[in-house]
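Each chain, written out:
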Amino acid sequence: FVEHAVIHALIGLRQPAPLVTALQSASHAERRAALIALDQMPGTDPATRPHLRQEHVRPFLASRDEALWRTGIWVASHHPGWSDLIVTGVRARLDAPTLTDADGAMLRDVMVSVCRDDDVQRLIAADASGVRAAIVSEVIRSCPVAKMPPIWVEALRRQMASTDAEVRARAI
């Protein structure tokens, strides 16, 4: 509740410059609050949110800190045209040499939350038979789309044609 109140107060101040500076803070809580406030702060036209730029979000998506990374994904996910940031952030985590079960669950949850995005769907299709195929298969099963994207159908067809029984089983 306190964090929400602080962020709300920062938005109400309509002073983006100190928030941009706070993005460099050593405190993760300050950085998160600053990013969220910049994201939500309206401009002179209340319908626009002009203070946040992609370069403000990129360090969050490169962070190893889960809370910072999730905040970056959350912020990027409500900006049409910023899906490239989401894909870059998810790709970096998927390509990590080691992935704990907790990291895998977090990635699955994040990908499900943005799975309707075309760029994210392409990422999911590309990884459907890769090293992280089990996570990606769970995303495909959990994504709340009315109709499965054709790119996923094709990826599943390729899995079904595999000579590897484990790969075929994931496609079912």
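A few points on the structure. (Residues numbered from 1 in each chain as written. Predicted model: local features only at pLDDT ≥ 70, side-chain atom pairs only at ≥ 80, totals over all residues. Heavy atoms only, no water.)

## Points about the state of the cysteines
Okay, step 1: One pass over the full model with this rule turns up one disulfide.
Okay, step 2: Residue pairing for Cys115: its cysteine sulfur links by disulfide to Cys143, the two sulfurs lying 1.9 Å apart. Residues Cys115 and Cys143 are joined by a disulfide whose S-S torsion is about 90°; by sign, that bridge is right-handed. Of this pair, Cys115 sits in the loop between α7 (101-113) and α8 (118-126) while Cys143 sits in the loop between α9 (133-142) and α10 (150-160), and the two are 28 residues apart along the sequence. One exposure class covers both Cys115 and Cys143, and it is buried. (Disulfide = S-S within 2.5 Å. Helix = DSSP H or I, 4+ residues; strand = E, 2+ residues; numbered from the N terminus. Buried < 20%, exposed > 50% of the residue type's maximum accessible area, 1.4 Å probe, protein only.)

## Examining the packing of helix α3 (residues 28-40) against helix α4 (residues 54-61)
To describe two helices that pack against each other, one gives the angle between their axes and the distance between the axes.
Okay, step 1: Taken N-terminus to C-terminus, the directions of α3 and α4 make an angle of 145°; their axes are 11 Å apart at the nearest point. Judged by the twist between their axes, the crossing of α3 over α4 is left-handed. Between α3 and α4, the residues in contact are Arg31, Arg32, Leu35 and Leu38 and His56, Val57 and Phe60, respectively.
Okay, step 2: Residue composition of the contact of α3 with α4, by class: four nonpolar, one polar and two charged. (Axes fitted to C-alpha atoms, helices over the stretch in contact; angles between N-to-C directions. Left-handed = near helix turned anticlockwise from the far one by under 90°. Contact = heavy atoms within 4.5 Å. Nonpolar A, V, L, I, M, F, W, Y, C, P; charged D, E, K, R; others polar.)

## As for α4
Okay, step 1: Among the residues making up α4, those that are buried are His56, Val57, Phe60 and Leu61. Projection of α4 onto a plane perpendicular to its axis shows the buried side chains occupying an angular sector of 130°, all on one side.
Okay, step 2: Lining the buried residues of α4 we find α2 (16-22), α3, α5 (66-77) and α6 (83-94). (Arc of directions from axis to C-beta.)

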